Amino acid sequence: MRFAVFISGYGSNLQAIIDAVKQNQIKAELALVVSSKKEAYGLKRAEQAGIKTLFVDPVEFANRQSYDRQVLIHLKEEKIDFIVLAGYMRILTPFFVKKYPKRIINIHPSLLPSFRGVTAIKDALTYGVKITGATVHFVDEKMDHGPIILQESIKIALEDTKETLEQKIHKLEHRILPKSIELFVDGRLKVRGRKVEILEKPQKTSTHNVELAKDIG
Ligand code: GAR
């Protein structure tokens, strides 16, 4: 299987994925890194690892769907079977999500359904919750909403700042995101409605023929 990772920034989760592919924990080819930001440090990480990169500039598109359509054209060219969102700060359109049903995985820095959105770590601190964590889930058409693959929690200390909490959450993320991808690639995830069963015995994983040509123009 071939996959793409979408980023918008520093790319520490991307690095964890690159390492897991190198160590053969994830038995799939990381074929493309897509960024919505030109200056994203994650693009450098990809280049250093010899992975093809793509920057698509949002300002060149009239709306989100035309942006997503352009990205899809590249995914089709690269024969991408599934996608991982690792700090991708754009919401995918339903048009895009429908092309990869249960084939888009996202990492979010809170225990969903608490603290959706782009300021999850700060929001958890401000709210004063004692426990937070990270969630890996399949992407559906609603934001931070699809079926949950893995989730892990940590305690928030009184003295935690946004920076210290972010460090703790990243540590969790760098473990549960590669693990989730491994389970997906190995055919060990079975989605039943909102629930994701982790199978002992793998199912056969299929590649994905993206039927794009007729409606992406
Ligand atoms: C990660 O903490 C990820 O969970 C978060 O962005 C960070 C990216 O860090 N994603 C979201 O907040 C999505 N709503 P990284 O660029 O170092 O991997």
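Anyway, here's the lowdown on the structure attached to this text. Computed from a prediction, not measured in an experiment: that's the story for all the values here.

## Let's talk about the sheet that holds strand E4 (residues 82-85)
Spatial strand order, E3-E2-E1-E4-E5-E6-E7: seven strands in an open sheet with mixed pairing. Looking at strand neighbours, the two that pair on one side only are strand E3 (52-55) and strand E7 (148-155), the edges of this open sheet. For this sheet, the mean inter-axis angle between neighbouring strands, taken without regard to orientation, is 20°. Of the strands in this sheet, E4, strand E5 (104-108), strand E6 (131-138) and E7 are in contact with helix H6 (residues 162-185), which crosses E7 at around 160°.

## Digging into the pattern of salt bridges
Per the counting criterion, the structure on display carries eight salt bridges. Residue Glu78 pairs with Arg2 through a salt bridge whose shortest N-O separation is 3.1 Å. One end of the pair, Glu78, is in the loop between helix H3 (64-77) and E4; the other, Arg2, is in strand E1 (residues 2-7), with 76 residues separating them in the sequence. Relative accessible area serves as the criterion here: at 13%, Glu78 is assigned to the buried category. Glu166 serves as the salt-bridge partner of Lys162, at 3.7 Å between the closest nitrogen and oxygen. A residue pair is termed a helical-turn pair when its members lie 3 or 4 positions apart in one helix, as Lys162 and Glu166 do in helix H6 at four residues. With relative accessibility at 35%, the residue Lys162 sits in the partly exposed group. A residue is classified by how much of its surface remains accessible, and Glu166, at 28% relative accessible area, is partly exposed. Taken together, the salt bridges that share partners define one network made up of Arg2, Glu29, Lys52 and Glu78.

## Observations regarding the side chain of Thr135
Within the secondary structure, Thr135 is located in strand E6. The contact partners of Thr135, leaving out residues within four places of it in the chain, are Asn106, Ile107, His108, Ser110, Leu111, Leu112, Ile148, Leu150, Gln151 and Ile176.

## A few points about the packing of aromatic side chains
Using the criterion set out here, one finds nine aromatic pairs in the structure. Look at Phe61 and Tyr67: their rings are 5.4 Å apart centre to centre, the planes differ by 85°, and that puts the pair in the edge-to-face class. With relative accessibility at 22%, the residue Phe61 sits in the partly exposed group. Under the relative-accessibility criterion, Tyr67 is labelled buried at 0%. Ring plane angle 65° and centroid distance 5.9 Å describe the contact between Phe115 and Tyr127, whose orientation is recorded as edge-to-face. Separated by twelve residues along the polypeptide, Phe115 in the loop between E5 and helix H5 (120-127) and Tyr127 in helix H5 bring together distant segments of the chain.

## Focus: the pairing of strand E2 (residues 29-35)
In terms of burial, E2 is a largely internal element, six of the seven residues being buried. Across six bridges, E1 lies against E2 in parallel orientation. By the bridge assignment, Phe6 is partnered in E2 with Val34. Between the parallel elements E1 and E2, the chain passes through helix H1 (residues 12-22) in a crossover that is right-handed. Bridge count for E2 against E3 is four bridges, and the pairing is parallel. Among the inter-strand pairings, Ser35 is bridged to a residue of E3, identified as Phe55. Note on the crossover from E2 through helix H2 (residues 41-48) to E3: the handedness is right-handed.

## Here's the deal with the packing of H1 against H6
As a packed pair, H1 and H6 sit with axes 9 Å apart at the nearest point and diverge in direction by 45°. Accordingly, the angle class assigned to the pair H1 and H6 is oblique. Handedness of the crossing formed by H1 with H6: right-handed. Residues Ser12, Asn13, Ala16, Ile17 and Ala20 of H1 form the contact with H6, whose participating residues are His170, Glu173, His174, Leu177, Pro178 and Ile181. Counted by class, the contact of H1 with H6 contains six nonpolar, four polar and one charged residues.

The rules behind these values
- Residues numbered from 1 in each chain as written.
- Predicted model: local features only at pLDDT ≥ 70, side-chain atom pairs only at ≥ 80, totals over all residues.
- Heavy atoms only, no water.
- Pairing = 2+ DSSP bridges.
- Helix = DSSP H or I, 4+ residues; strand = E, 2+ residues; numbered from the N terminus.
- Axes fitted to C-alpha atoms, helices over the stretch in contact; angles between N-to-C directions.
- Contact = heavy atoms within 4.5 Å.
- Salt bridge = Lys/Arg side-chain N within 4 Å of Asp/Glu carboxyl O.
- Buried < 20%, exposed > 50% of the residue type's maximum accessible area, 1.4 Å probe, protein only.
- Phe/Tyr/Trp six-rings, centres within 6.5 Å; stacked < 30°, edge-to-face > 60°.
- Right-handed = clockwise from strand over helix to strand, strands pointing away.
- Parallel < 35°, antiparallel > 145°, perpendicular 65-115°, else oblique.
- Left-handed = near helix turned anticlockwise from the far one by under 90°.
- Nonpolar A, V, L, I, M, F, W, Y, C, P; charged D, E, K, R; others polar.

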